[in-house]
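Residue strings, one per chain:
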Amino acid sequence: MALGMTLQQLANKLSITKQGVKEMELREAEGAITLKSLREAAKAMDMELVYGFVPIAGTLEKHIEKKSSELAKQIVLRTSNNMKLEDQENSNDRIKKAIQERTAILKHEIPKTLWD
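This section reports on the structure supplied with the text. In this text the structure is predicted, and so the values were computed from the model without any measurement. In this convention, every chain numbers its residues from 1, walking through the sequence in written order. Since the coordinates come from a predicted model, pLDDT governs what is reported: local features require at least 70, and pairs of side-chain atoms require 80 or more to be given and counted, while whole-chain, interface and lining totals use all residues. Each side-chain value is derived from all of the structure's non-hydrogen atoms; neither hydrogens nor water enter the calculation.

### Regarding the packing of helix α1 (residues 7-14) against helix α2 (residues 18-30)
- Helix axes are fitted to C-alpha atoms over the stretch in contact, other axes to C-alpha atoms as well, and angles between N-to-C directions run from 0 to 180 degrees. The helix count covers DSSP runs of H or I at least four residues long, the strand count covers runs of E at least two residues long, and both are numbered beginning at the N terminus. Closest axis-to-axis distance for the α1/α2 pair is 8 Å, and the angle between their directions is 100°. The orientation of α1 with respect to α2, classified from their angle, is roughly perpendicular. Only Lys-18, Val-21, Lys-22, Met-24 and Glu-25 of α2 make contact with α1, whose side of the interface consists of Leu-7, Gln-8, Leu-10, Ala-11 and Leu-14.
- Gly counts as polar in this scheme, as do all residues outside two lists: the nonpolar Ala, Val, Leu, Ile, Met, Phe, Trp, Tyr, Cys and Pro, and the charged Asp, Glu, Lys and Arg. A per-class count over the contact of α1 with α2 returns 6 nonpolar, 1 polar and 3 charged. Angle categories are assigned with fixed cut-offs, so that under 35 degrees is roughly parallel, over 145 is roughly antiparallel, 65 to 115 is roughly perpendicular, and the rest are oblique. Pairs of residues are marked as contacts when any of their non-hydrogen atoms sit within 4.5 Å.

### Looking at α1
- Throughout this description, buried means an accessible area under 20% of the type-specific maximum (1.4 Å probe, protein chains only), exposed means over 50%, and partly exposed covers the range between. Among the residues making up α1, those that are buried are Leu-10, Ala-11 and Leu-14. Looking straight down α1, one finds that the buried residues subtend no more than 105° of arc, so they occupy a single side.
- Turning to α1, the residues buried within the fold contact α2 and α3 (35-44).
- Note on α1: the residue one or two positions beyond its end, Ser-15, has a positive phi of about 60°. Taken from the helix axis, the directions to the C-beta atoms give the arc we talk about.

### A word on helix α5 (residues 92-109)
- If you check α5, its first and last C-alpha atoms are 26 Å apart, about what 18 residues at 1.5 Å a residue would give, namely 26 Å.
- Looking only at α5, the buried set comprises Ile-95, Ile-99, Thr-103 and Leu-106. The arc enclosing the buried residues of α5, seen along the axis, measures out at 80°, which places them on a common side. For α5, the exposed residues lying more than 90 degrees away from the buried face are Asp-93, Arg-94, Gln-100 and His-108.
- Of the residues flanking the end of α5, it is Ile-110, one or two places downstream, whose phi is positive at about 45°. Any helix carries an expected span of 1.5 Å times its number of residues minus one.

### Some remarks on the pattern of salt bridges
- A side-chain nitrogen of Lys or Arg and a carboxyl oxygen of Asp or Glu constitute a salt bridge if their distance falls within 4 Å. Per the stated rule, a full pass over the model turns up 4 salt bridges.
- Between Lys-107 and Glu-65 there is a salt bridge, with the nearest N and O atoms lying 2.6 Å from each other. Taken together, the residues Lys-107 in helix α5 and Glu-65 in helix α4 (residues 60-85) connect sequence positions 42 residues apart.
- The closest approach of N and O atoms between Lys-97 and Glu-101, which form a salt bridge, is 3.9 Å. Of this pair, Lys-97 and Glu-101 are both found in helix α5, 4 residues apart, which corresponds to roughly one turn of the helix.

That is the geometry; function is a separate question.
Written as structure tokens, this is what we have:
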């Protein structure tokens, strides 16, 4: 344990057995421990449990950028395909610019459809 606390010391603070602490560690490693158990363990070590969601992209801003870009691409390409059918095809540069512009709008508005 990083604090230098023994399993027995933690067990005493939690009013459980040393084996109970080992079982908690196993459940934690398996992802089967409850938040309640983690809170109790944290409190026993004079700590606070902190948990949250962290975007895979690194930051919430990058996550919104990625989702906005994906949705913008769908919207612009759908429109572009319709125009192609009407013999009004756009250039790749124009499509790329339209995706960038739509991405900026979506990032600003953050519509609910961003998360579909």
